[in-house]
Every structure is written in C-alpha cells, then in structure tokens.
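Breakdown of the fold
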Amino acid sequence: MNTKKILFGCSIILLLTISGLTHSQQFEAIKKINGADIFIRTIGGGEPLVIVHGGPGLGHDYLYEPFKQLSDQYQLIFYDQRGCGRSEEFKKGTPITIDTMVEDLEEIRKEFSVDKMNLVGQSWGATIALNYIFKYPEKVKNLILLEPAPGSSEYLTQIQQTIIKRLPKDDMEKLIKISQSPELKTNPEVFKEFMNIRMNTYFFDSSFAKKKKFDYFDSDRIKKFFASSANFGPYLINFNLYEKMKDINCPTLIIHGDYDVIPTEAIERMGKEIKNSEVHIVKDCGHFVHIEKPETYFNTIRAFLKLYNNHPHGKNLNGNYFGVESPGIEPVLFAPGIVSTSFFEHSSPEFSKDGNEVFWTVIPGAPGSEAIVKYSKQENGIWTLPQKVDFLGGIDDMYPIYAFDDSKIYFSSSKTNPADSSKKERGIWFVEKTSSGYSSAQYIGFDSLDVYGLTVAQSSNLYFMAQNIGVPGKYDLYYSNFSNGKYGKPVKLPEPINTEYYEDNPCLADDESFMIFESNRPGGFGSTDLYISINKNGKWGEPKNLGAKINTSNAERFAKFSRDKKYFFFGSNKYHGFDIYWIDAKVIREAADI
C-alpha cells in the first residue's frame, strides 16, 4: 500500500477542518446558484464577509461556530460549495472545475447584492478565493486568506513528508488498515476514526484534535467528500498561483500557524508576491489557528477590517500625521489602527519634510519573522491605504530614513550582496528619488557587519547598529564618514556610548550634536531604555536616561524626531505588543537640556 497515497489521496488534508455544528442562525436556505442547488447560511448584520470553507469536500459547518463571534459587527455569509455539505452533489457528465467554483462564488456575490466583497478563504477556500480575485479583481474590497493552502503543488511532497513524520507508528498502521476497508467511504464511524487520527498531525497541541469529532458527516456527506476530493485531485497536483498574485492590489491579510503542515515558506512567499499584504505567523499553532489561538486570530481579523473598511471615509485620514490630534506632554499612541496596529511596529514613522509621505517598519508575523516596510502618502488631501513598499525590492527590509534633503531613502536589508552573493550579512542600501518615483536599490555595505537600526546626518554621515558576523549577540553603534562621494570604513563608537551591553537604533541630531539610542545597560527602568548623549567638540558625553516620562519597566525603542522637531516618536510594549507613541518634543529637550 502506498503510504503517501493513503495520507493524501482522499483530499489535500490541509483542507480538513473540525468543530461542532450549531443551530443558531438568521437565515438559511437552498438557493439556485449558477445552475446548482447551493446551501447558504447567514448570521449578523453590517459589512458582509463572504466566507469560503476548506476541503475539497467539506461544508461550512466547522467554521460557523468559531466565526459566529464576528457577527456582532459583520454579516457573515457562509455557503456549502457545490458537491459539499448540504449543497447539490456533482451531476454525472457535468465537468466541475476550479472556474466552476469561482462562478458559483460570483453568483453568491450577486445574490446578496454585494458590490465589492470582503472575501475570506480558509485553507482550500483560500485557493478558490485567489482564483476568484484573479478573474474578478474589481469585486474584492479586502482579501483574507486564513490558514491557506500553498500557492502551488510544488509543496505537496513536503506536506506529505511532514504528515508522515508526525504520525506515530501505531496511528500509521491504523490508517493503513482503515484505508483498505470499503467501509471508509460509506460508514460514518469508520470515516470519523480515520479523520480523527489524521487530525493529530494538524495541531501543535493535539488535545484540541482529541476533543473534536466529525459528527456532522453522514453517509451522504462522506460520498460527496470523496467525490469532490477525486474531482479536484488533478488540479491539486499541478497548479501554481504565485505569478498571478503579483496582480492583486487590494489589502490582504494572511494568517498561518508556525506548526502547520503547510510550510511557512510557502505562505511567506504569498506575502512577498501580494504587494499590499500582511502575513501573520502565529506561534505554537497548526493548521487551525482559529481553534488553538482564537483570541489572536479574531482580534487580528477585526483590526484588519477596521482599518481597511474605514478608509477612505474615516474622518482621521486626512491632514498632517493622518489627522490625529497632536500630543501634549504625556505619550499617546500614534495613529491607532493605521500605524499602531495588532502587528509588531519595528520602527517609528519616517515622514518626508513636507509631511505628505511616510514609511515605517512592521513585522506582520511572529517575532523574528521577516519585516516589511509600509508606506502611505496624501493624495488630494486623503492618506492612501498603508501598503507594503515594493520599490525597495529587498528581503526583510527595515528602518527607512530620508536623507536630509529627501533625495534618498536609506534602509537596512538582507538583500544579496551584489559583490559577493555568498555573503549573508545585512547591509545598508538606498534608493534615490526620481521624477517617476524611486530608483533601483544601491548597496553601501558594510562587509563583515550585520547592520540594523540606522540614521543619517545632514553631512550624509551614517550612524548605525551592527554586529560582527561570527560574533552573535554583540550589538554596538558605529558610524561611517561620508567624504568625496564615498563612505569610509565603519568605526565603532567609543565608551561611554558602547558598553558590554546592548546598544541599538541611533537617533541623530542633523548636525550630530546629540544622539538618542536604546540600551539595556544597568541603572535603567527595565528591559530597554532610551538614552541621550551630547557631542561636545567631537567627544560623546555620558549618556543620560530620558526618564520616567518615556521609559518604563518594559522596552522602549526606535527613537525619532519629526522632521520639524516638534514631536518625538518612540516604540514601546508597555501595554500590548509593540506600538508607536509620540509626545511633544519639548519634553525631551527639557529632560536632556538640549
């Protein structure tokens, strides 16, 4: 018996899901959709969310109960795909393709008179949703891909290997025995036993799998399940959607568990191809993040929808600094839901001198996952949707900062060293502003150093944090003098700036007269504090803690002044996650006597 066939033959298992069936709903009916009888169920009111379930061969049931909590703000539109659940089975002699599923979805959109959908696809449903947006891009307002199937069949072997590796020997033997039984395709109890064993490989915490059962599968649904799996089998072993993802322009949220049988690299690749996407990698979760980490899962969905469904009609998205009220002498959260979100903001916002453009760094996945640079600009007085920057063209891009005259944007990136592709260091790059946008990225370096937080003086001198390759964990501040159009060899700043402890993310006065940076040196308020050092006659003075107005027992990082020096930005995780705060800059000037 072919083990891989047993594990993968019925369906692409990544598409299986579980939960109990409930009977609370606002509306349910069989509707004639695209020539077939399709079961549709709705609950809630407000902005519609059209939800496409996994499979092939499942129904919407497993999503209904956990997703029902969103019905307090949204109208949830569920349906059983053609040939699934309570919808009509496949008709003999009628070819059913992925395009059929797309057209069914389009008819459901029309049935509910939704002009532009918030389209939600879970697992295999994400594959249908992607194919839909390729054909009807103008009909999708926001795209949400939840625990999505990979974007191509090239990952299927790796998925199979992961499943096999995770299965205990006894469970493997049981699966082989059950798969050889003709009752698998007819007897609900045998089918449930088979599914429940397989489910153990799809959870980080297998106790969740043990608590769930496939009680809603009767003999009719089992027949549909295998028919649907067989029908789409040829598609699933030979497809590739990644190239077309480059054409997706709408805001896109992707949620993935780091223990999913689907490789994380396949999902991160989606994030790279979809230009305006947020990839949220949830730690210690398998293929069912909505079951293992429901609070994180649904809070992320709500935050995403709140941001993008309110734009551009939100009253606070026009004017300086997104139109938010200016801060006083106490720190306040900056641009909540726009810059400060449920994700990890990894740099303070960098505004252009005229205040019409802004860049900042976000880590949309789990801590340590790849960062992206986001961008927004004012068009006709309205701030555009924050989007992932594509013109930097890098990998794990961070810390964008303008040159003094706005002619360039410097940033740190893991892009390949153009002089030696074997080198893996993070380097400093820049793009130049042109009449049509920005140039391609150019490399500065520096060899033998991994470079992170950076800043640039009016003189074009660079200051940055780096660690020597081969000496992990030793983070210090460096500078490089700009002379005759070239940057000199990096020089590590002396004590008292650098210590045996951690120093990072310099914030420099334009004239290099002072520098604010973060450090975990002794004597602070807690994890990481912000310090200021005054440069007198070329000598850096003893750093001074910025005090309790800024620093807390948590981590304070990413110091930055607004370009007009009126405001001071910094990051902190003092309440929830890492967010950006701002305060009247006079507080800093008074505290540091500058």
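Computed from a predicted model, the values in this text were never measured in an experiment.

**Regarding the side chain of Ser572**
- On the secondary structure map, Ser572 appears in strand S33 (residues 567-572).
- At 2.6 Å, the side chain of Ser572 forms a polar contact with the side chain of Glu556.
- Other than its neighbours up to four places away in sequence, Ser572 contacts Ala555, Glu556, Gly577, Phe578, Asp579 and Tyr581.

**Details of the pattern of salt bridges**
- All told, the structure shown has 32 salt bridges when counted by the stated rule.
- The shortest N-O distance in the salt bridge between Asp72 and Arg302 comes to 3.1 Å. Here Asp72 is found in the loop between helix H2 (61-67) and strand S4 (74-79), whereas its partner Arg302 is found in helix H13 (residues 294-309), with 230 residues between them in sequence.
- Note that Lys565 and Asp510 form a salt bridge whose closest N and O atoms lie 3.4 Å from each other. You can see Lys565 sitting in the loop between strand S32 (556-561) and S33 and its partner Asp510 sitting in the loop between strand S27 (503-508) and strand S28 (514-519), a full 55 residues away along the chain.
- Several salt bridges converge on common partners, so that one network encompasses Glu28, Arg41, Asp61, Arg86 and Arg221.

**Quick word on helix H6 (residues 169-179)**
- Every buried residue of H6 is listed here: Asp171, Met172, Leu175 and Ile178. The buried side chains of H6 occupy one side of the element, clustering within an arc of 130° when seen end-on. Facing away from the buried surface of H6 by more than 90 degrees, the exposed residues are Lys169, Asp170 and Lys177.

**Concerning the nonpolar core**
- Counting 119 residues, the largest nonpolar core has Phe67, Leu119, Leu143, Ile301, Phe322 and Phe334 as its most contacted members.
- Contact partners of Phe334, with chain neighbours within four places excluded, come to Tyr321, Phe322, Val324, Val339, Ser340, Pro349, Phe351, Phe569, Ile580, Tyr581 and Trp582.
- Counting 24 residues, the second-largest nonpolar core is a separate cluster that includes Met398, Leu454, Tyr478 and Ala555.

**A few points about the confidence of the model for the protein chain**
- Of the residues in the protein chain, 91% reach a pLDDT of 70 or more, and the chain-wide mean stands at 88.
- For the stretch residues 1-25, pLDDT sits under 50, and the model shows 104 contacts to residues farther than four places along the chain or on other chains.
- Here residues 312-316 is a poorly scored stretch, pLDDT under 50, and it has three contacts once near neighbours within four places are set aside; other chains count.

**A short note on the side chain of Thr361**
- Here Thr361 is to be found in strand S12 (residues 357-363).
- The class for Thr361 is buried, based on a relative accessible area of 0%.
- Discounting residues that sit within four places of it in the chain, Thr361 has contacts with Phe344, Glu345, His346, Ser347, Ala371, Ile372, Val373, Asp397, Met398, Tyr399 and Pro400.

**Overview of the sheet that holds strand S9 (residues 332-333)**
- Pairing within the open sheet is antiparallel, and its four strands lie in the order S9-S34-S33-S32. Every other strand in the sheet has two partners, leaving S9 and S32 as the edge strands with one partner each.
- Bridge analysis of S33 against strand S34 (residues 579-584) gives six bridges, and the strand direction is antiparallel. Within S34, the residue paired with Tyr567 across the bridge is Asp584.

**Considerations on the pairing of strand S3 (residues 47-52)**
- In terms of burial, S3 is a largely internal element, five of the six residues being buried.
- Bridge count between S3 and S4: five bridges; the pairing is parallel. Within the sheet, the bridge partner assigned to Ile51 lies in S4 and is Phe78.
- On the question of chirality, the crossover connecting S3 to the parallel S4 by way of H2 is right-handed.
- Inspection of the sheet shows S3 paired to strand S5 (residues 117-122) by four bridges, in the parallel sense.

**A short note on the pairing of strand S1 (residues 27-33)**
- Bridging between S1 and strand S2 (residues 36-43) involves seven bridges; their strand directions are antiparallel. Residue Ile33 lies in a different strand from S2, and its bridge partner there is Ala36.
- Hairpin connection of S1 to S2: two residues between the antiparallel strands, including Asn34 at a positive phi of 55°.

**Regarding the packing of helix H3 (residues 98-111) against helix H4 (residues 124-135)**
- The interhelical angle for the contact between H3 and H4, taken along N-to-C directions, is 75°, at an axis separation of 9 Å. One finds that H3 runs roughly perpendicular with respect to H4. Contact with H3, carried on its side by Ile98, Asp99, Met101, Val102, Glu103, Leu105, Glu106 and Arg109, involves Trp124, Ile128, Asn131, Tyr132 and Lys135 of H4 and no other residues of that element.
- For the contact of H3 with H4, the residue count by class is seven nonpolar, one polar and five charged.

**Notes on the sheet that holds strand S26 (residues 491-492)**
- Strand order in the open sheet made by the four strands is S21-S22-S23-S26, with antiparallel pairing throughout. Edge positions in the sheet fall to strand S21 (449-456) and S26, since each of these pairs with one other strand and no more.
- Relative to strand S23 (residues 476-480), strand S22 (residues 462-468) is paired through five bridges, and the arrangement is antiparallel. Bridging from a neighbouring strand, Met465 pairs with Leu477 of S23.

**Focus: the packing of helix H7 (residues 188-199) against helix H9 (residues 219-236)**
- Look at H7 against H9: their axes get within 9 Å of each other, and the N-to-C directions meet at 50°. It follows from the interaxial angle that H7 and H9 lie oblique. By crossing handedness, the relation of H7 to H9 is classed as left-handed. In this structure, H7 uses Pro188, Phe191 and Met195 to contact H9, whose residues at the interface are Ser219, Ile222, Phe225 and Phe226.
- Taken together, the residues of the contact of H7 with H9 break down into six nonpolar, one polar and no charged.

**Considering the packing of aromatic side chains**
- Evaluation of the coordinates by the stated rule reveals 52 aromatic pairs.
- Ring geometry for Phe359 and Tyr375: centres 4.8 Å apart, planes at 40°, overall tilted. Taken together, the residues span a long stretch of sequence, with Phe359 in strand S12 and Tyr375 in strand S13 (residues 372-379) at a distance of 16 residues.
- Among the residues examined, Tyr375 registers a relative accessible area of 15% and is labelled buried.
- Among the aromatic residues, those joined into a ring-pair cluster are Tyr321, Phe322, Phe334, Phe351, Trp360, Trp383, Tyr567, Phe569 and Trp582.
- Sitting above the plane of the Phe404 ring, Lys353 keeps its charged end 3.8 Å from the centroid.
- Above the plane of the ring of Tyr581 lies Lys574, whose end atom (NZ or CZ) is 4.6 Å from the centre.

**Observations regarding the environment of Arg589**
- Checked against the element boundaries, Arg589 lands in helix H14 (residues 586-592).
- The contact partners of Arg589, leaving out residues within four places of it in the chain, are Lys565 and Ile594.

**A look at the environment of Trp540**
- Mapped onto the secondary structure, Trp540 falls in strand S30 (residues 539-540).
- By relative accessible area, which is 9% here, Trp540 ends up buried.
- Excluding anything up to four places from it in sequence, Trp540 contacts Tyr463, Leu493, Pro496, Ile497, Leu508, Glu512, Phe514, Met515, Ser533, Ile534 and Asn535.

Cut-offs applied
- Residues numbered from 1 in each chain as written.
- Predicted model: local features only at pLDDT ≥ 70, side-chain atom pairs only at ≥ 80, totals over all residues.
- Heavy atoms only, no water.
- Helix = DSSP H or I, 4+ residues; strand = E, 2+ residues; numbered from the N terminus.
- Polar contact = N/O pair within 3.5 Å; in protein donor to acceptor, adjacent residues only side chain to side chain.
- Contact = heavy atoms within 4.5 Å.
- Salt bridge = Lys/Arg side-chain N within 4 Å of Asp/Glu carboxyl O.
- Buried < 20%, exposed > 50% of the residue type's maximum accessible area, 1.4 Å probe, protein only.
- Arc of directions from axis to C-beta.
- Core = buried A, V, L, I, M, F, W, Y, C linked by side-chain atoms within 4.5 Å.
- pLDDT = per-residue confidence, 0-100.
- Pairing = 2+ DSSP bridges.
- Right-handed = clockwise from strand over helix to strand, strands pointing away.
- Axes fitted to C-alpha atoms, helices over the stretch in contact; angles between N-to-C directions.
- Parallel < 35°, antiparallel > 145°, perpendicular 65-115°, else oblique.
- Nonpolar A, V, L, I, M, F, W, Y, C, P; charged D, E, K, R; others polar.
- Left-handed = near helix turned anticlockwise from the far one by under 90°.
- Phe/Tyr/Trp six-rings, centres within 6.5 Å; stacked < 30°, edge-to-face > 60°.
- Lys NZ or Arg CZ within 6 Å of the ring centre and 35° of its normal.

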